[in-house]
Amino acid sequence: MNWLYRLERKFGKYAIANLPLYIVVLYAIGAAFDILSQGTAYYEYLSLNPYLVLHGQIWRIVTFLAAAPNTNIFFLVFVLLFYYSIGQSLSQVWGAFKFNMYVLVGVLGTIAAAFLAYFVTRSPFIFMDTYYVNLSMFLAYAAIFPEMRVYLYGIIPIKVKWLAILDVVVLAGSFIQGGISVRIAIVVGLLNFILFYFSTRNYRRVSPKEMHRKIKFRRQMSQNTDGARHRCAVCHRTELDDPNLEFRYCSKCNGNYEYCNEHLFTHTHVK
């Protein structure tokens, strides 16, 4: 049992059950503040600036969480719906506590990165928001559901794994060209993703026993007359019914049971 499971057993009851909704509400409040400010640079009043925090503006340690990722109201609606969907998916896969911890570590890492960059550069112009926290959430989503499709501008379908690769390339460019504050923020954001990704992976999937079970299951599926390689044990759909479906084995079920992405986390385990 790794450190996350130990923490969950001890503090799991304190987890916020619907954290993605509260994140979206915070951004909506920040957007409303932007509208009420009538064009004032509200971002500079909400974002995290270590220099100003140390000179009395302590509220920035909290208010930077409400700095909306975009100030265009129409584009913001789609962005918030997208983040809410990602957050809900991660919460269902990991559970509420692990998702809470993922966001908390990202937020604390952003605060630490901001102050570290300030103490190194002594620049009063370091402003940070939740950009890298949101990016690490998207990378985690892409790692779990790489084949899922999103529609750019509601028209162009593209798999999230390609968007994640593009984000990593952009991050690499920003790391090379950016200043020390940007580099520190990028490193902290990626460390959050790497830490949780390897802490929540199910390594039993690559164990000899699990590999033998998969081979046996594939042999059984090869005998199907319809030629399908995967079949959900709940709805019995295959990749022939819907090419967008993803199939995974359940390590908690006794036997060779495979489920589509819609029933992987909702089915009753076979004992």
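Numbers given for residues are sequential positions, taken from 1 along each chain in its written order. This being a predicted model, a pLDDT of at least 70 is required before a residue's local features are given, and a value of 80 or more before pairs of side-chain atoms are given or counted; all residues contribute to the totals for chains, interfaces and linings. No hydrogens and no water enter the side-chain calculation; it runs on all heavy atoms of the structure.

1. What about helix α9 (residues 160–177)?
Going along the chain from the N terminus, every DSSP run of H or I of four or more residues is numbered as a helix, and every run of E of two or more is numbered as a strand. A helix is expected to span 1.5 Å multiplied by its residue count minus one. Here α9 spans 26 Å end to end across 18 residues, near enough to the 26 Å set by a 1.5 Å rise per residue. Here's how the labels work: a residue is buried when its accessible area is under 20% of the maximum for its type, exposed when over 50%, partly exposed in between, all with a 1.4 Å probe on protein chains only. Buried within α9 we find V160, L163, A164 and L171. Taken down its axis, α9 places every buried residue within 100° of arc, on the same side. Counted as exposed and oriented over 90 degrees from the buried face of α9: V169, I176 and Q177. The directions from the helix axis to the C-beta atoms form the arc being described.

2. Here's the deal with the packing of aromatic side chains
Stacked, edge-to-face and tilted are the three classes for Phe, Tyr and Trp ring pairs, Trp counted by its six-membered ring, which pair at centre distances within 6.5 Å; planes under 30 degrees apart are stacked, over 60 edge-to-face, the rest tilted. Taken as a whole, this structure holds eight aromatic pairs when the rule is applied. For the ring pair Y118 and F119, a centre distance of 5.6 Å and an interplane angle of 55° mean the geometry is tilted. Residue F119 is classed as partly exposed on the basis of its relative accessible area of 45%. For the ring pair Y131 and Y132, a centre distance of 4.9 Å and an interplane angle of 80° mean the geometry is edge-to-face. Judged by its relative accessible area of 43%, Y131 falls in the partly exposed class. Among the aromatic residues, those joined into a cluster by ring pairs are Y51, F115, Y118 and F119.

3. Remarks on the environment of P124
Position of P124 among the secondary structure elements: in the loop between α7 (96–121) and α8 (131–144). A sequence separation of 72 residues divides P124 from L52, and the C-alpha atoms of the two residues are 7.5 Å apart.

4. Considering the environment of A228
With respect to the helices and strands, A228 occurs in the loop between α11 (208–222) and β3 (247–249). Considering only alpha carbons, one finds A228 and D241, 13 residues apart in sequence, at a separation of 9.3 Å.

5. Focus on the packing of helix α1 (residues 3–11) against α7
One way to put it is that α1 packs onto α7 with a least axis distance of 10 Å and a crossing angle of 110°. In terms of their interaxial angle, α1 and α7 are classed as roughly perpendicular. For α1 against α7, the interelement crossing comes out right-handed. Across the interface between the two elements, W3, L4, Y5, L7, E8 and F11 of α1 pack against F97, K98 and M101 of α7. Each residue gets one label: Ala, Val, Leu, Ile, Met, Phe, Trp, Tyr, Cys and Pro are nonpolar, Asp, Glu, Lys and Arg are charged, and the others, such as Gly, are polar. Grouping the amino acids of the contact of α1 with α7 by side-chain chemistry returns seven nonpolar, no polar and two charged. In this analysis, axes come from line fits to C-alpha atoms, helices being fitted only over the stretch in contact, and the angle between any two N-to-C directions falls in the range 0 to 180 degrees. What sets the label is the angle itself: under 35 degrees gives roughly parallel, over 145 gives roughly antiparallel, 65 to 115 gives roughly perpendicular, and the rest give oblique. Working rule for handedness: look at the near helix, and if it is turned counterclockwise from the far one by less than a right angle, call the crossing left-handed; if clockwise, right-handed. Should any heavy atoms of two residues lie within 4.5 Å, those residues are considered in contact.

6. Here's the deal with empty space enclosed by the protein
Buried and open spaces are told apart on a 1 Å grid over the protein atoms alone, a cavity being a set of points where a 1.4 Å probe fits but cannot get out and a pocket being an open set with protein on both sides within 12 Å along at least five of seven lines. Residues with an atom within 4 Å of a point are the lining residues. Grid points are joined across faces, edges and corners, and a volume is the space filled by probe spheres set on the points. The tally for this structure, following the rule as stated, stands at two cavities of 30 Å³ or more. Of the volumes computed, that of the largest cavity is approximately 50 Å³. In terms of lining residues, the largest cavity is bounded by G106, T110, M128, Y132, V133, A185, V188 and G189. The set of elements that each furnish at least two residues to the lining of the largest cavity consists of α7, α8 and α10 (180–200). No other element matches the three residues that α10 contributes to the lining of the largest cavity. Here the lining of the largest cavity is built from residues that sort into five nonpolar, three polar and no charged. Put simply, the second largest cavity is a space of about 30 Å³.

7. Examining the packing of helix α2 (residues 19–36) against α7
Working note: a packed helix pair is described by the angle between its axes plus the distance between those axes. Relative orientation of the contacting elements α2 and α7 amounts to 35°, with a least axis distance of 10 Å. Contacts between α2 and α7 involve L19, P20 and I23 from the former and F99, N100 and V103 from the latter.

8. Remarks on the pattern of salt bridges
Pairs can form between side chains of opposite charge whenever their charged atoms are close. Every case where a carboxyl oxygen of Asp or Glu lies within 4 Å of a side-chain nitrogen of Lys or Arg is listed as a salt bridge. A complete count under the given rule lists five salt bridges for this structure. A salt bridge links E8 to K98; its shortest N-O distance comes to 2.5 Å. In this pair, E8 is assigned in helix α1 and K98 in helix α7, connecting sequence segments 90 residues apart. Residue classification places K98 among the buried positions, given a relative accessible area of 4%. Between E147 and K159 there is a salt bridge; the shortest N-O distance is 2.7 Å. Of the two residues, E147 sits in the loop between α8 and β1 (149–152) while K159 sits in strand β2 (residues 156–159), which places them 12 residues apart along the sequence. Using a relative accessible area of 26% as the deciding quantity, one classes E147 as partly exposed. Via salt bridges that share partners, E147, K159 and K161 belong to a single interconnected network.

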